[in-house]
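Spelled out, the chains give:
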Amino acid sequence: MMKLKPNCECCDKDLPPESREAVICTFECTFCAACADGVFKGACPNCGGNFVPRPIRPAAMLRKYPASTERHLREQPCLAKAS
């Protein structure tokens, strides 16, 4: 099951489960659309894969299977700033 990470791994922007700004790669690396496009030019810096919009879990399933609260940040410095 997808973790639904709570933040952009680059700029640390909050990405709640219902966010339409969240994008993921095949390994569930999670970024905001601005970092994915502007900083990483559409390619995941961790695996090299492309990004797709993160699915939104329906409210009933979100209650049963909540999103992760564990924040992830890249080890390498990110050029983006949180907005």
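Here, the structure is the one placed above.
The sections below set out a description of the structure shown in this document.

Definitions and cut-offs
- Residues numbered from 1 in each chain as written.
- Predicted model: local features only at pLDDT ≥ 70, side-chain atom pairs only at ≥ 80, totals over all residues.
- Heavy atoms only, no water.
- Salt bridge = Lys/Arg side-chain N within 4 Å of Asp/Glu carboxyl O.
- Helix = DSSP H or I, 4+ residues; strand = E, 2+ residues; numbered from the N terminus.
- Buried < 20%, exposed > 50% of the residue type's maximum accessible area, 1.4 Å probe, protein only.

Here we look at the pattern of salt bridges
As enumerated under the stated definition, the model contains four salt bridges in all. Note that Glu21 and Lys13 form a salt bridge whose closest N and O atoms lie 2.5 Å from each other. The closest approach of N and O atoms between Arg71 and Asp14, which form a salt bridge, is 2.8 Å. Here the residue Arg71 occupies a position in the segment after helix H2 (59-64), and Asp14 occupies one in the segment before strand S1 (22-24), the gap between them amounting to 57 residues. With a relative accessible area of 51%, Asp14 lands in the exposed category. In this structure, a network of salt bridges that share partners links the residues Asp12, Asp14 and Arg71.

Section: unusual backbone geometry
In this structure, Leu4 takes a positive phi of about 55° despite not being glycine. Turning to its location among the elements, Leu4 is positioned in the segment before S1. Overall, the relative accessible area of 4% leaves Leu4 in the buried class.

Read these as layout, nothing more, since geometry by itself doesn't imply function.
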